[in-house]
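Architecture and fold: a report
Here is how the chains run, residue by residue.
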Amino acid sequence: MAGKYEFAFDELSVYAKVRDVLVATTTSGTVVDLGCGHGALAEICRAHGLGYLGADRDHDGLVSLAARGFPTSEVDLTDLGAVVALLDRVAADGPVGAVLLLDTLEHLPEPWTLLKLLSDQAARWGSPRLVVSIPNITHRDVGAKLVAGRWDVTPTGLLDSTHLQMFSAARVDQMTRDTGWAEVARADFPLAHSDQRFPEELPTLSEGSPLAELLRLVRPGDAAAAIVNQFVRAYEPVAPATAEDASPGPFLSVLVRTTGKRWESLRDLLLCLSAQRDEDLEVLVLGHGLDAAQRQELAALGAEQVPRFQKRVRVVDVPSGGGRARPLNVGVQHARGRYISVVDDDDVVTADYVGAFHRLADTSPGQLLRAVTVTQTIAESDWTGTPGWAATSPFVYSYPPVYSAVEHLRDNFTPFCALAFPAILFHELGHRFDEDLPVLEDWEMQLRGAQLCGVASTREITSVYHVWEVGMGSASKMLHAAEEWAEARGQVRYRFDSRPLLLPAGSLRDLDEAHQKIEELWVEISRRGEEMERLHGRLVEEKAFADRVRRLAAYRALAKARALHRRWLGHR
């Protein structure tokens, strides 16, 4: 057993991550390594001026540590009394700086009982930090193999044959909160290719396989623990968390981003949201980069709402930076709804905005929800001394009533306010709006969501997308040059062209129809080309005829002039 877990410290290993959180949170005392194995951190603790004691029930590991000059203790971690006695002996000589549980909790039948004991008794040992390293059962390699029906238990690694418990990030968080530990540092150990990445020929794993690439898009590599191999966390003891409010959040979280330049249109939007027939919503007003006066104005605007709506409105201050997507990502973190929509501060919604999405979600749960939006041009207007706006056109049906995944890969035909995203896309799968895009962050996220979740459409009109004709220069179309829009469009198209695409049923028909339209255009172009050639031929013939006529007329005029000249000479 000892040789099986005889792992040495390496700067590229998980132990380097443990070292980082340990020295960042522990400056003195003795480090007690429970389930120490061969004590890969022993020399590291000594180098940083920390005491070290290795404790395990495996004899070979303790012999190795003793030979290197470190104190040891044989202990069974399921014997809680023995653990308390051990820590009491260490604390008698000075405070315990930290307790390590590295690759250990997953081997215990009830790890939470040990964590609860350590938290409850922490004060008597000097309130030591707790540092853990726990394998991540939700690594994307494990998930990819499960899709293919494989579950490969191995002697060590993510699916170690001796593991009694398995942990996701959420389970680690829940267990530590419930047992009285608050996180103070983390340095999770990523591994794009885990020990479970076999066999290489498996299409859900193999490099270059469209299926494998598509599965990796479900959870971005830098989010939702997709490539985390080990969770490495440091904690401090606190009172155990009380039971959280189990009441469900609202159906819809409406994110409203504002830069504090369109107060009257924002006031109109809040009025529309307060008038919803379906009141199962919350509104998060995201003030992005506001100064003190603007924050005060925004707070006053929230306070003037009617009481029953005011309790549904939260104002969130978002510091400057991150572009147009930054407030959206902050809003996503605060959102409690099952679905999340975005309405800009110059658009308005109908009284059935929430209701239409709610009905659609009831029949198509988990899909991206899409309603119909009409457009209207507006211009800045003076409202008796107050800057306001006025409509300069009637409503226009600018967008198709039904969503086409194929058409939307070409360009964006759905404004933000027409969509509601399932919150699970952000909270569970870890997706975020791209803050590197200056514009079109909505289109990019919409394409991701449509591929992963599908789209359910309703023909109900639920919002009005306002296009500024004059004034309110903060409108995105005016702030960003045409070249910037074109460059962003190119980036989005390239991004989706460089990865596998998952298209819904009916897309082949849409592709066929698009292809048919192209063929019809080519036929029309060819017909017009032939017609142009005929016209060109006629023009050439007519030009040649006109040239002959001009030459003949010139010849006759010359002949007549010569005859007149001879006649004149004869008269002389």
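Report follows, based on the coordinates. (Residues numbered from 1 in each chain as written. Predicted model: local features only at pLDDT ≥ 70, side-chain atom pairs only at ≥ 80, totals over all residues. Heavy atoms only, no water.)

Concerning empty space enclosed by the protein
As a reminder of what qualifies: A 1.4 Å probe that fits into a set of points on a 1 Å grid over the protein atoms alone but cannot get out defines a cavity; an open set with protein on both sides within 12 Å along at least five of seven lines defines a pocket, and lining residues are those with an atom within 4 Å of a point. Grid points are joined across faces, edges and corners, and a volume is the space filled by probe spheres set on the points. Numbering goes from the N terminus for both helices and strands, where a helix is a DSSP run of H or I of at least four residues and a strand is a run of E of at least two. Note on residue classes: Ala, Val, Leu, Ile, Met, Phe, Trp, Tyr, Cys and Pro are nonpolar, Asp, Glu, Lys and Arg are charged, and everything else, Gly too, is polar.
All chains considered together, the criterion is met by 3 cavities of 30 Å³ or more. Of the volumes computed, that of the largest cavity is approximately 50 Å³. Lining of the largest cavity is provided by Tyr403, Ala405, Leu409, Leu447, Ala450, Gln451, Leu502, Leu503 and Pro504. Sorting the residues of the lining of the largest cavity by element identifies helix H14 (405-410) and helix H16 (441-453) as the ones contributing at least two each. The element that contributes the greatest number of residues to the lining of the largest cavity is H16, accounting for 3 residues. A per-class count over the lining of the largest cavity returns 8 nonpolar, 1 polar and no charged. Reported here for the second largest cavity is a volume of approximately 40 Å³. In terms of residue class, the lining of the second largest cavity is made up of 5 nonpolar, 3 polar and 1 charged.

Quick word on the nonpolar core
As a reminder of what qualifies: To form a nonpolar core, buried Ala, Val, Leu, Ile, Met, Phe, Trp, Tyr and Cys residues must be joined to one another through side-chain atoms within 4.5 Å. To sort residues, take the accessible area from a 1.4 Å probe on protein chains only and compare it with the maximum for the residue type: under 20% means buried, over 50% means exposed, and anything in between is partly exposed. The contact criterion used is simple: two residues touch if any of their non-hydrogen atoms lie within 4.5 Å.
Ranked by internal contacts, the top residues of the largest apolar core, which has 34 residues, are Leu255, Ile340, Phe421, Phe426 and Phe433. Among the secondary structure elements, those contributing two or more residues to this core are strand E10 (281-288), strand E11 (313-318), helix H12 (326-334), strand E12 (339-342), strand E16 (419-422), helix H15 (424-427), H16 and helix H18 (482-497). Among the elements that make up this core, the one with the highest residue count is H16 (5 residues). Those residues in contact with isoleucine 340 that sit more than four places away from it in its chain are Leu252, Ser253, Leu255, Val332, Ala335, Leu419, Ala420, Phe421, Ala423, Phe426 and His427. One finds Val90, Leu108, Leu114 and Trp181 within the second-largest nonpolar core, a separate group that totals 32 residues.

Focus on the pairing of strand E14 (residues 368-383)
Where a strand is regular, its side chains alternate between the two sheet faces. Filter applied, for reference: For two strands to count as paired, DSSP must find a minimum of two bridges between them.
Pairing of E14 with E16 involves 2 bridges; the strand directions are antiparallel. Within E16, the residue paired with arginine 370 across the bridge is leucine 419. The pairing of E14 with strand E15 (residues 386-391) spans 6 bridges and is antiparallel. Within E15, the residue paired with isoleucine 378 across the bridge is alanine 391. The loop that links E14 with its antiparallel partner E15 comprises 2 residues; one of these, threonine 384, has a positive phi angle of about 45 degrees.

Structural notes on a nonpolar patch on the surface
The line we're drawing: Patch rule: a residue counts if its relative accessible area is over 30% and it has no salt bridge; like charges are joined within 9 Å, and nonpolar side chains (Val, Leu, Ile, Met, Phe, Trp, Tyr) within 5 Å. Accessible surface area values rest on a Shrake-Rupley calculation with a 1.4 Å probe, where residue burial reflects the displayed protein chains alone. Any carboxyl oxygen of Asp or Glu within 4 Å of a side-chain nitrogen of Lys or Arg constitutes a salt bridge here.
Side chains of Leu146, Trp151, Val153 and Met166 sit close together on the surface and give an oily, nonpolar patch of about 380 Å² of accessible area. Summarising the element assignment, tryptophan 151 is placed in the loop between helix H6 (140-147) and helix H7 (169-178).

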